[in-house]
Amino acid sequence: MPTLLTVDAVLERVAATLADRFSGIFNPETISRYVNESYVALYRTARLDQHLPALTERFATDRLTALAQAKGAIAKPVPEVLFLCVHNAGRSQMAAALMTHHAQGRVNVRSAGSAPGAAVSSSAAAVLAEIGIDLGDAFPKPLTDDVLRAADVVITMGCGDACPVISGKRYLDWNLADPAGDDPDLARAVRDDIDTRVRALLADLTDR
């Protein structure tokens, strides 16, 4: 495990990098707070500490981008879709990956969980790998207000009342089985069901 001094130094470097990236949009204090909050949020469920600095930078970058979008500080050139489930380990990760794959930049995709797990489901990763989609860089993330407010469409998958509702958003609830476990046939069936729904949603969002 890295020492506290090492963690602080790494987070300061991350904050400095993001301060340059978001110069003129957020002050350094806001960026530093987001970086530290993002680290703590991921640390609570992380399985491998050595990956935390890189994941923290990705998570903080996405949150700051979402916050800037929600405030109108940067444009949203394409629709923003947010997939939510409880652990952000199976269904929402598959949906996000499939939407990203099919959209090819026509939609921006995020995913999160109301109670994120420690790692992406191995069964979800395996059945997506069967169709050439890699979940190797994916990681469970907690749902945050900034990401929710930046979304145009929010897809919930079994998170119930833990997924807040904000007026002005389009909400869809997909009633899907949980592919957690060692049943590859169930995981494939959920994958194919999600793929059909994702394709339909993408057509609705981009063919208007």
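For the structure, see preceding data.
Notes on the structure follow.

Procedures and definitions
- Residues numbered from 1 in each chain as written.
- Predicted model: local features only at pLDDT ≥ 70, side-chain atom pairs only at ≥ 80, totals over all residues.
- Heavy atoms only, no water.
- Helix = DSSP H or I, 4+ residues; strand = E, 2+ residues; numbered from the N terminus.
- Buried < 20%, exposed > 50% of the residue type's maximum accessible area, 1.4 Å probe, protein only.
- Phe/Tyr/Trp six-rings, centres within 6.5 Å; stacked < 30°, edge-to-face > 60°.
- Pairing = 2+ DSSP bridges.
- Polar contact = N/O pair within 3.5 Å; in protein donor to acceptor, adjacent residues only side chain to side chain.
- Contact = heavy atoms within 4.5 Å.
- Expected span 1.5 Å × (residues − 1).
- Salt bridge = Lys/Arg side-chain N within 4 Å of Asp/Glu carboxyl O.
- Axes fitted to C-alpha atoms, helices over the stretch in contact; angles between N-to-C directions.
- Parallel < 35°, antiparallel > 145°, perpendicular 65-115°, else oblique.
- Left-handed = near helix turned anticlockwise from the far one by under 90°.

Quick look at the environment of Ala-96 now. The residue Ala-96 is located in helix α4 (residues 91-103) in this model. With a relative accessible area of 10%, Ala-96 lands in the buried category. Considered as a pair, Ala-96 and Ile-74 are 22 residues apart in the sequence and their alpha carbons are 22 Å apart.

Moving on: the packing of aromatic side chains. Each pair of aromatic rings is reported with the distance of its centres and the angle of its planes. If you walk through the whole model with that rule in mind, you get three aromatic pairs. An angle of 50 degrees between the planes, with centres 6.0 Å apart, marks the rings of Phe-22 and Phe-26 as tilted. Accessibility classification places Phe-22 together with Phe-26 in one group, the buried group. Here Tyr-39 and Tyr-43 contribute two aromatic rings whose centre-to-centre distance is 5.9 Å and whose plane-to-plane angle is 25 degrees, an arrangement assigned as stacked. Of this pair, Tyr-39 and Tyr-43 both sit in helix α2 (residues 28-43), four residues apart, roughly one helical turn. Classification of Tyr-43 as partly exposed rests on a relative accessible area of 36%.

Let us look at the pairing of strand β3 (residues 153-157). Most of β3 is tucked away: five of the five residues are buried. Residue alternation in β3 divides its side chains into two sets, Val-153, Ile-155 and Met-157 and Val-154 and Thr-156, and both sets are buried. Pairing between β3 and strand β4 (residues 170-173): four bridges, direction parallel. Paired with Ile-155 across the strands is Leu-172, a residue of β4.

Another point: the side chain of Glu-80. On the secondary structure map, Glu-80 appears in strand β1 (residues 80-85). Reaching out from Glu-80, the side chain makes a polar contact with the side chain of Arg-110 at a distance of 2.8 Å. The contacts of Glu-80, once residues within four sequence positions are left out, are Gln-69, Asn-108, Arg-110, Ala-150, Ala-151, Asp-152 and Val-153.

Take helix α3 (residues 52-70) next. Between its first and last C-alpha, α3 extends 26 Å over 19 residues, near the 27 Å set by a 1.5 Å rise per residue. Positive phi shows up at Gly-72, right after α3, with a value of about 80 degrees.

Before going further, it helps to spend a moment on unusual backbone geometry. As a rule of thumb, non-glycine residues mostly have phi less than zero, and peptide bonds are mostly trans rather than cis. Residues other than glycine seldom take positive phi values, yet Asn-88 does so here, at roughly 50 degrees. As for its position among the elements, Asn-88 is in the loop between β1 and α4. Even without a glycine there, the phi angle at Gln-104 is positive, about 50 degrees.

If you walk through the whole model with that rule in mind, you get 15 salt bridges. Glu-80 serves as the salt-bridge partner of Arg-110, at 2.8 Å between the closest nitrogen and oxygen. Here Glu-80 lies in strand β1 and Arg-110 lies in strand β2 (residues 108-113), a separation of 30 residues in the sequence. In this structure, Asp-195 engages Arg-199 in a salt bridge whose closest nitrogen and oxygen atoms are separated by 3.0 Å. Here Asp-195 and its partner Arg-199 are both found in helix α7 (residues 184-206), four residues apart, which amounts to about one turn of the helix.

Turning to the environment of Glu-80, a few remarks are in order. Owing to a relative accessible area of 2%, Glu-80 belongs among the buried residues under this scheme. Taking C-alpha positions, Glu-80 is 6.2 Å from Val-107, a pair spaced 27 residues apart along the chain. At a separation of 3.0 Å, a polar atom in the side chain of Glu-80 contacts the side chain of Gln-69.

On to the packing of α4 against helix α5 (residues 122-129). Across the interface, α4 lies against α5 with an axial gap of 10 Å and an inter-helix angle of 25 degrees. By the angle class used here, α4 and α5 are roughly parallel. Note on packing geometry: the crossing formed by α4 with α5 is right-handed. Residues Met-94, Ala-97 and Leu-98 of α4 form the contact with α5, whose own contacting residues are Ala-124, Val-127 and Leu-128.

Just distances and angles here, no functional claims.
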